[in-house]
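So the chains spell out like this:
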Amino acid sequence: MIDQKVSRRDFVRISSIAGGGIMVGFNMVGGTASAAADVVFEPNAYVSINTKGVVTLMSPNPEIGQGVKTALPMILAEELEVKWDDVEVEMAPLNQQKYGQQIAGGSGAVRGRYMPIRTAGATAKQMLTTAAAQQWGVPAEECYAENATIIHKPTKKKLSYGELAAKAATLPVPTDVKLKDPKDFKIIGTRVANIDNHKIVTGQPLYGIDTRRPGMLFAAVSRPPAFGKVLKSFDDTEARKVNGVKNVVKAGNVVAVLANSTWAAKKGKLALKVEWEDKSKLESSTEHTAAFTELVNKIPEKAGRNDGDVEAALKDSNNKIIEAIYETPALSHANMEPLNFFADVKNDKAELYGPTQVPANLRSSVARALGIPEANVTLAMPRQGGGFGRKLQPDNGVEAALISQAAKVPVQMLWMREDDMQGDFYRPASMFKYRAAVSPDGEIAAWHLNGVALANNRAAAPDGFPAASIKNFRVDNQNIQSNIQTGPWRAPTANAVAFADESFLDELAHTMKKDPVKLRLELLEKAKTSPNGRVSYDPVKFKSVIDLVTEMSGWGKTNKPNVYQGFASHYSFSTYAAHVAEVTKMPDGHLRVTKVYSAINCGRVVNQSGAENQVEGAIIDGLSHALYSKVTFNEGAVEQTNFHTYRFMRMKDAPIEVVVKFVPSEDAPTGLGEPGLPPIAPAVANAIFAATGKRYRKLPFELT
């Protein structure tokens, strides 16, 4: 058994619930296991058991499709020794005093709450065991838990959790609890279907877009058609004539049409006559590219990381110099569920309900916008149809609240896809210039990366691999100021720089006449045995995914006709991912990605099927954007207005098979929603090079 020390200060019994049940809450501040030391929030969870024996977990983190509403209760059920079917899950409202920081971002929900929820479940189980022992008048050591019952070993007497709940509620909270030995896990590591699957496929109202309230009106909003423009005036005469339109209001820099249906609101919006005026420069992508090109050829004074003497090695006439420039475009989040929010603002109070990855930030932003106390704003969260970083911004909730305040009615604000494309906080476009020196003995003598991004100070990751494995190593980050709003996009920074880093490593391998996998393993060995500067990754774990994926794919051994392989790996969110992509020359001559092998080291896997789903989804998402998607600007306006121009992968173009395996691990879980995405673009690009000899250095590329 594993001993987990918990102080009375950290563990707080909240209250007895109605019907004589027990509710225990667990508050661990300052992090838990060392494997989750980089977690950005302070975990908190609680479990309730009523007298019928029903176990309920209030799921504190927003569910945006990453599966936490299933994975977190699996952890609880494991330690509590209950059948999975006996667990009920409710989405918790925003309450940071109870639950700590409630966010969905950085692939952090499971890795941050793994130990707190295990401990909460184990503590509740121990209290129930004590209650049964006292009722029978026997030592607690003679009792054990199984399937939501406490059993007395010598006599085989049994009491259900429901029967013990009232008694357990009167007991003091134990200061020390034992966690299960992982070898005894029955639920963690198994395949469990998403807890909302049935509701999703039967169309039950789960999402913010499904919200219906008495007296609610539907709002369609006219927003600036380009970055740099602001509202000057509007004429709503014709809009008010549209059947179903009830009101037209101005809310900040937008005009909202309110109606008794979404269709009527949209028709009313189209009938508006709105005049916009220029407030700042109307920027275009061609200007951004020119600015990128200028900056990547200038070395800033302050480096993000600077080991050794890069310039000296680059000037050494004995070394061979390789240079390359890689480019990645701006991208839209394009969530399947368009942005929406319900708001009901009355006097100095606001009720909010809708999709957000940062409920606390949204609540405080709404309070500031409305000029009311934050305590007067209540917020509840539905299941969400995707997030990918877009809903880290609070603008949808703020906009709905301002409209409700102006109209003095409850509203459901819904963005059209065109609104979403023009009003996003985009993945910043980036450019990366590489300069490397290869010594006469076939070693990488120097590596210099100069990264530039649009409205973002972190184009590259200074400590990412191959940092610490090259004696002379420098990474620079530069930024172009812009009025175009940018923000995190699935696997921020990693989603762009991994394409550039891993493609350039492949270039170097071919230049050095080395197998691309062998080169990486050599570099990892150097980082392990003779590192240069700080090492921010674990070379052994990095090697584990490379070894596994090469074994899975038969790297270097495949003799399949017209099939070519490409390799890439990356470390992000404390997780290691390695992919081998196979492209096939089809009979008509074009290339198609037919198979992807993926190896992941993410610590212990909680839900096997959910974990596979996250990696498979990340691969398809990353591949789709690598092949087809981009956002470009013309005088502040987005040129891709809907899915006919912002293209996504179709089923006919998807890989025929994606094979995912996880490195067995006893470590606590690490991030999983994002790490599978960064390596797929370079893996495919490197496979295309193997097939054609053509090096793709700019995304998106098309298979020909």
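Residues numbered from 1 in each chain as written. Predicted model: local features only at pLDDT ≥ 70, side-chain atom pairs only at ≥ 80, totals over all residues. Heavy atoms only, no water.

Attention now moves to the overall build of the chain. Across its full length, the chain carries 16 helices and 30 strands. For a compact globule of 704 residues, the expected C-alpha radius of gyration is about 27 Å, and the chain comes in at 28 Å, within 12% of that figure. Principal axes of the C-alpha set define a box for the chain whose edges measure 85 × 70 × 55 Å. The long-range fraction of contacts in the chain, counting pairs at least 24 apart against all pairs at least 6 apart in sequence, stands at 76%. For the chain, the accessible area works out to roughly 28,200 Å², and carbon and sulfur atoms hold 50% of it. (Helix = DSSP H or I, 4+ residues; strand = E, 2+ residues; numbered from the N terminus. Rg over C-alpha atoms; globule rule 2.2 N^0.38 Å. Contact = heavy atoms within 4.5 Å. Areas by Shrake-Rupley, 256 points an atom, 1.4 Å probe, with all protein chains shown as cover.)

In the numbering used here, UniProt assigns the feature "domain: Aldehyde oxidase/xanthine dehydrogenase a/b hammerhead" (unreviewed entry) to residues 202–280. Across residues 202–280, the secondary structure splits into 13% helix and 41% strand, with the terminal C-alpha atoms separated by 48 Å. (UniProt positions renumbered as here; feature names shortened; annotations may be inferred.)

Right, let's talk about the nonpolar core for a bit. Residues Phe432, Leu508 and Phe701 are the most contacted members of the largest nonpolar core, which totals 83 residues. Setting aside chain neighbours within four positions, we find Leu508 in contact with Ile322, Ala436, Val438, Ile444, Trp447 and Leu519. One finds Ile117, Leu128, Phe185 and Ala668 within the second-largest nonpolar core, a separate group that totals 44 residues. (Core = buried A, V, L, I, M, F, W, Y, C linked by side-chain atoms within 4.5 Å. Buried < 20%, exposed > 50% of the residue type's maximum accessible area, 1.4 Å probe, protein only.)

Below, the discussion takes up the pattern of salt bridges. Scanning the model with the defined rule gives 41 salt bridges in all. Between Arg390 and Asp395 there is a salt bridge whose closest N-O contact spans 2.7 Å. A relative accessible area of 21% means that Asp395 is categorised as partly exposed. As a salt-bridge pair, Arg695 and Asp506 come within 3.0 Å of each other at their nearest N and O atoms. In this pair, Arg695 is assigned in the segment after helix H16 (680–692) and Asp506 in helix H12 (residues 494–511), connecting sequence segments 189 residues apart. Among the charged side chains, a network of salt bridges with common partners joins Arg223, Lys269, Glu399 and Asp419. (Salt bridge = Lys/Arg side-chain N within 4 Å of Asp/Glu carboxyl O.)

This part takes up the packing of H12 against H16. At a minimum axis distance of 8 Å, the contact between H12 and H16 shows a crossing angle of 30°. Taken together, the axis directions place H12 and H16 in an arrangement best described as roughly parallel. Handedness of the H12/H16 crossing: right-handed. Facing Ala498, Phe499, Glu502, Ser503, Asp506 and His510 of H12, the residues of H16 in contact are Ala681, Pro682, Ala685, Asn686 and Phe689. Partitioned by chemical class, the residues of the contact of H12 with H16 number six nonpolar, three polar and two charged. (Axes fitted to C-alpha atoms, helices over the stretch in contact; angles between N-to-C directions. Parallel < 35°, antiparallel > 145°, perpendicular 65-115°, else oblique. Left-handed = near helix turned anticlockwise from the far one by under 90°. Nonpolar A, V, L, I, M, F, W, Y, C, P; charged D, E, K, R; others polar.)

Summed over the entire model, instances satisfying the criterion amount to four cavities of 30 Å³ or more. One number sums up the size of the largest cavity: a volume of about 90 Å³. Lining the largest cavity, in full, are Leu331, Arg427, Trp489, Asn495, Gly622, His625, Ala626, Leu677, Pro678, Ile680, Ala681 and Leu699. Those elements that place two or more of their residues in the lining of the largest cavity are helix H15 (608–627) and H16. By residue number, the principal contributor to the lining of the largest cavity is H15, which donates three residues. In this model, the second largest cavity occupies a volume close to 50 Å³. Gly464, Phe465, Glu502, Tyr537, Phe542, Ser569, His570 and Tyr571 are the residues that line the second largest cavity. The dominant element in the lining of the second largest cavity, judged by the number of residues it contributes, is strand E25 (residues 563–572), at three residues. The class makeup of the residues in the lining of the second largest cavity is four nonpolar, three polar and one charged. (1 Å grid on protein atoms, 1.4 Å probe; cavity = no way out; pocket = protein on both sides within 12 Å on 5 of 7 lines; lining within 4 Å. Points joined across faces, edges and corners; volume = space filled by probe spheres on them.)

This part covers the layout of surface pockets. What the second largest pocket holds in volume is close to 870 Å³. Going through the elements one at a time, strand E11 (217–222), helix H6 (262–271), helix H10 (395–407), helix H11 (417–422) and strand E29 (637–638) are the ones with two or more residues in the lining of the second largest pocket. Element by element, the count of residues in the lining of the second largest pocket is highest for H10, at five residues. The class makeup of the residues in the lining of the second largest pocket is 17 nonpolar, 10 polar and eight charged. When residues are assigned to domains, the lining of the second largest pocket turns out to be shared by domain 2 (208–280 + 339–414) and domain 3 (299–330 + 426–692), each giving three or more. (Domains from an automatic or database assignment.)

For the coordinates displayed, the defined rule picks out 18 aromatic pairs. Between Phe465 and Phe542, the ring centres sit 5.2 Å apart and the planes meet at 50°, which makes this aromatic pair tilted. A residue pair is termed long-range when its members are at least 10 positions apart, and Phe465 in the loop between strand E23 (444–454) and strand E24 (472–480) and Phe542 in helix H14 (residues 539–553) qualify at 77 residues. Their ring planes at 80° and their centres at 5.4 Å tell us that Phe643 and Phe648 sit as a pair that is edge-to-face. Its relative accessible area of 26% is what places Phe643 among the partly exposed residues. Through pairs of rings, three or more aromatic residues link up here, namely Tyr326, Tyr434, Trp447, Phe473, Phe499 and Phe504. We note Arg427 situated over the ring of Trp489; from NZ or CZ to the ring centre the distance is 5.6 Å. Note that Arg695 overlies the ring of Phe689, its terminal NZ or CZ placed 3.9 Å from the centroid. (Phe/Tyr/Trp six-rings, centres within 6.5 Å; stacked < 30°, edge-to-face > 60°. Lys NZ or Arg CZ within 6 Å of the ring centre and 35° of its normal.)

On to unusual backbone geometry. In this model, Phe465 is joined to Pro466 through a cis peptide bond whose omega is 15°. A cis amide bond links Leu699 with the next residue in sequence, Pro700, at an omega value of -5°. Structurally, Pro700 is set in the segment after H16. A positive phi angle is found at Phe388, which is not glycine, with a value near 55°. Mapped onto the secondary structure, Phe388 falls in the loop between strand E20 (377–380) and H10. Overall, the relative accessible area of 33% leaves Phe388 in the partly exposed class.

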